[in-house]
Amino acid sequence: MAEAADFQGTSPSPARRWLRRTGALLAGAPLLAGLCQLPGVTSAYAAGQASAQASADSGTVSVALDTLSPSAPTNGDTLTVSGTVTNNGKQAVTDAHVGLRVGAELTTRSAIDNAARTGRDLQAVTGPEVGGKYAEEFSKLTPGVAEHFSISVPVDELDLGGSGVYPFAVSLSGETAAQPWEQVLGTQSTFLPWQSGEADTKTKTTYLWPLISTVHMTAETGSNEQQTPVFRNDDLAKEIAPGGRLDQLVSLGKDLDVTWVVDPDLLASVDAMTHTYRVKSGDTTRAGSQQNQTLAGQWLAKLQDAVADKEVVALPFADPDLASLAHNGTRVTGSLSHLNEATDVVPNTVEPILHVKPVTAFAWPVEGAVDPSIVKVATSAGADKVIARSDSLQETAGLPYTPSAARPIGGGTTAVVADARLSTAFQGDLMKASAATLSVQQFLAQSLALNLQTDKQRSIVVAPQRMPSARQAQAMAEALTALQGGNWSESQKLTAAATAKPDPDATTKVPSTSKYPPSLRKQELPRSAFEKIAGTQEKLDNFKVILANQSRVVTPFGRAMNREMSTSWRGRASEATGFRSDVAAYLGRLTGQVQLIDKSETKLSGRSATIPVTVQNNLVQGVDHLVLRLTSLSPKRLEIGGESYSEQRVEVSGGHSQTVKFTTTAKANGKATVIAQLYTEDGQEYGDAVTFDVKVTEFTATVMLVIGGGFLLLVLAGFRMYTQRKRAAAREAEQDGPEGPDEAEGGPVNPGEPGDRLKGESGTQARADDPEQPSDPTPDTPAESADPSGTGERVDR
């Protein structure tokens, strides 16, 4: 019952195909011989066959199989099949009926794959109709009109053999005006898994139930004590609302025996929504609704109830993209430290919210694709088990059966290899009921075929897509309900599957990096993304050292950088870039709240003075551990603190500013450029520098000496003028005497103009024969020197 061909994609044996074809030829030989004996019929028959082939290829009638219940029938069950048939042709179909067909057992998993690819192919229809009353008739099918059908048949009437997987088809047969004979005009094939009794050996099946979402929270928080979180949008509220994707996953998973796989970021986001929160709205934010807060609380309560007695595996915070880290992030310093941080915060995030202790030993690369670098990164943060997939870690030993999931791959690491066929059964668009039904039946068929491969008991793991839609989740739940109610499988926890005894012949060689799927590599975060994260981290490191309460900034930004590395960004490159830019921009706005106030040109008069520089802190919390350095670019003209620069420690309370004064010394007149710059205590520049000019108008010692000498000369000159005028007044008084004024020389002299007499005495208007006065034996002004006047000297002429 098992074939090595299961892993190579081969179909049933050539001998079996030859027997089928020979039987078909023998059955049709008499009819062909009779037709050949009728003149003029051969060409008409050939034309009819060609027309029938064209109808089959174009799908004259489409058959949709909406329900098949029970999905895995047992003895005594009645099988109910329902759906619709639609005439897609231009002619009416008459004398039509819907019938059921059962083909020969499919004995390999690869045969099931082949049959699934030809589900609507009329040429692939096998097995006779069940017939009799187990059919539904339609006198006429009008073009474009869908007709509903429902057929119930006891399983005993299907003539099933031993346990196995049987092709099961619903077909529409009828006539058209162009083809007036009964023929199959449409079909839909699926699978009927049949286990007549309890299996001797049951497969232990582990099904992962992922509770993962996209990134919903920003790095931004409110300035209040509670640090009100800010969400990117209201998408999370839609997912947890009744009928939403996450609501469906919790409601459906509650009644299933599964291993829950959760992203702590999702739990933290919903928990944050239970309190006051805000939502981004353009360049501003708006308040989150009270209704959504209530929804968040209800969803968390329902989840807590669902996982109360279940195994919960927690991924690192925000589900980091391990493959992107391995291929592009390890070349950027500090990238792996974010993975360690994302792992460290898991226990303190999950357990307080879910009230269960999570398992943190598992790493899950996207789609289970692994190579040596991915395994190395996955285990670098402490995980010793990697969830891989069988289409990545492929079997090479030619085993005729699917081995157990656990494989030791060296270094104390275990690869838990999920079955690729079962894991991918519910991908794609399952919005139509028929698509979901086909997926359920194929999943069950593959599970039963796997169990029938060997009598050895094996542990099989199913790891579906990370974020199944609501409809995909419903199909998964339907299949699991049937599987867990069947008689060939039993449930098992992931930890048990990981520690099960490995098959000694199963492959343990991890494929090389060159084997990593190109389609997945195209979706990875680029190196530039990790460089952007590293730049944000560097700015955060410089910022946090000045804060009085670092956790208010470090925690939200640390979680935001974890979110920047999330697997959920795959296929959303532009959104990922925008999120990283928003985080960096917000950090820039915060750091800019602590800054130097710009200064205009400053004038400095005198030999020494102080220059004030103001530091402003618009943050809510205080800042310290800052150093303000004032540097003169012209120390020969202007010194600061006796050197070319001076430093002072700065501490500013939240919402305040502080002015720091620096002592300066002028050495020469002119303009000096000064730079003010903040530094952290470890010498890293903080914020932008402020540059301004200082215009020095300081008086030097030489200038002061000259000015002092000039002032002294002015005093002496004034004193001399005073004494000269005093002598002149004395002489005039002597000349006038008691006899009165001298009238002999031209009349009286006006006593109110003593300056006239001065002109006579020392000016050019004095007469040559004027007698010399005894009170003025020497000239008032010495003989004029021919030497140049001294500096600042003032001479009366």
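Because the structure is predicted, anything quoted here is derived from the model rather than measured.

### Some words on the overall build of the protein
Right, so step 1: What the protein contains, in helices and strands, is 21 helices and 29 strands.
Right, so step 2: In the protein, which comprises 797 residues, the proportion classed as buried is 45%.
Right, so step 3: Partitioning the intrachain contacts of the protein with sequence separation of at least 6 by distance along the chain shows that 78% fall at a separation of at least 24.

### Examining the sheet that holds strand E10 (residues 229–231)
Right, so step 1: Pairing in this open sheet of four strands is mixed, and the strands run E9-E10-E12-E13 from one edge to the other. Single-partner strands in this sheet number two, and they are strand E9 (217–221) and strand E13 (284–287). With direction set aside, neighbouring strand axes in the sheet form an average angle of 40°.
Right, so step 2: As paired elements, E10 and strand E12 (residues 278–281) share two bridges and run parallel to each other. Across the sheet, residue Val230 finds its bridge partner in E12, namely Arg278.
Right, so step 3: Helix H6 (residues 264–273) contacts E9 and E10 of the sheet and is inclined by roughly 110° relative to E10.

### Some thoughts on the packing of helix H8 (residues 322–329) against helix H11 (residues 372–380)
Right, so step 1: Running from N to C, H8 and H11 point in directions that differ by 110°, and their axes come no closer than 8 Å. Looking at the two axes, H8 sits roughly perpendicular to H11. The handedness of the crossing between H8 and H11 is right-handed. On H11, the residues that touch Leu322, Ala323, Leu325, Ala326 and His327 of H8 are Ser373, Ile374, Val377 and Ala378.

### Regarding the packing of helix H18 (residues 551–564) against helix H19 (residues 573–591)
Right, so step 1: It is the contact of H18 with H19, at a shortest axis distance of 10 Å, that shows an interaxial angle of 160°. Considered as vectors, H18 and H19 are oriented roughly antiparallel to each other. Helix-helix and strand crossings are classified by hand; for H18 and H19 the assignment is left-handed. Where H18 approaches H19, its residues Phe557, Ala560, Arg563 and Glu564 are matched on the opposing element by Phe579, Arg580, Val583, Tyr586, Leu587 and Leu590.
Right, so step 2: Of the residues contributing to the contact of H18 with H19, the split by class is seven nonpolar, no polar and three charged.

### Some details on the pairing of E12
Right, so step 1: Here four bridges tie E12 to E13, and the two strands are oriented antiparallel to one another. Looking at the pairing, Val279 lines up with Arg286 of E13.
Right, so step 2: The loop that links E12 with its antiparallel partner E13 comprises two residues; one of these, Gly282, has a positive phi angle of about 70°.

### Quick look at the nonpolar core
Right, so step 1: Counting residues in each nonpolar core, the largest one holds 74 residues, and the members touching the most others are Phe543, Phe557, Leu628 and Leu630.
Right, so step 2: In terms of residues, this core owes the most to one element, H19, which gives six residues.
Right, so step 3: In this structure, Leu628 is in contact with Leu596, Val613, Val615, Ser646, Glu647, Gln648, Val650, Val660, Phe662, Ala676, Gln677 and Leu678, ignoring residues within four places of it in sequence.
Right, so step 4: If you look at the next biggest cluster of nonpolar residues, it comprises 68 residues, including Phe231, Val270, Ala306 and Ala449.

### Re the packing of aromatic side chains
Right, so step 1: The tally for this structure, following the rule as stated, stands at seven aromatic pairs.
Right, so step 2: The interplanar angle of 20° and the centroid separation of 6.4 Å between the aromatic rings of Phe543 and Tyr686 together place this pair among those described as stacked. With a gap of 143 residues between them, Phe543 in helix H17 (residues 527–544) and Tyr686 in strand E29 (residues 685–696) connect regions that are remote in the sequence.
Right, so step 3: For Phe543, a relative accessible area of 1% translates into the label buried.
Right, so step 4: Ring centres of Phe557 and Tyr586 lie 5.6 Å apart, and the angle between their planes is 15°; this geometry places the pair in the stacked category. In this pair, Phe557 is assigned in helix H18 and Tyr586 in helix H19, connecting sequence segments 29 residues apart.

### Some remarks on H19
Right, so step 1: The end-to-end C-alpha distance of H19 is 28 Å, a good match for the 27 Å that 19 residues give at a rise of 1.5 Å each.
Right, so step 2: When we look at burial in H19, the residues that qualify are Ala576, Phe579, Arg580, Val583, Ala584, Tyr586, Leu587, Leu590 and Thr591. For H19, the arc enclosing every buried residue in end-on projection is 160°, short of the 170-degree limit, so these residues lie on one face. Residues of H19 that are exposed and point over 90 degrees away from its buried face: Ser574 and Asp582.
Right, so step 3: Lining the buried residues of H19 we find E9, H17, H18, strand E21 (594–596) and E29.

Basis of the calculations
- Residues numbered from 1 in each chain as written.
- Predicted model: local features only at pLDDT ≥ 70, side-chain atom pairs only at ≥ 80, totals over all residues.
- Heavy atoms only, no water.
- Helix = DSSP H or I, 4+ residues; strand = E, 2+ residues; numbered from the N terminus.
- Buried < 20%, exposed > 50% of the residue type's maximum accessible area, 1.4 Å probe, protein only.
- Contact = heavy atoms within 4.5 Å.
- Pairing = 2+ DSSP bridges.
- Axes fitted to C-alpha atoms, helices over the stretch in contact; angles between N-to-C directions.
- Parallel < 35°, antiparallel > 145°, perpendicular 65-115°, else oblique.
- Left-handed = near helix turned anticlockwise from the far one by under 90°.
- Nonpolar A, V, L, I, M, F, W, Y, C, P; charged D, E, K, R; others polar.
- Core = buried A, V, L, I, M, F, W, Y, C linked by side-chain atoms within 4.5 Å.
- Phe/Tyr/Trp six-rings, centres within 6.5 Å; stacked < 30°, edge-to-face > 60°.
- Expected span 1.5 Å × (residues − 1).
- Arc of directions from axis to C-beta.

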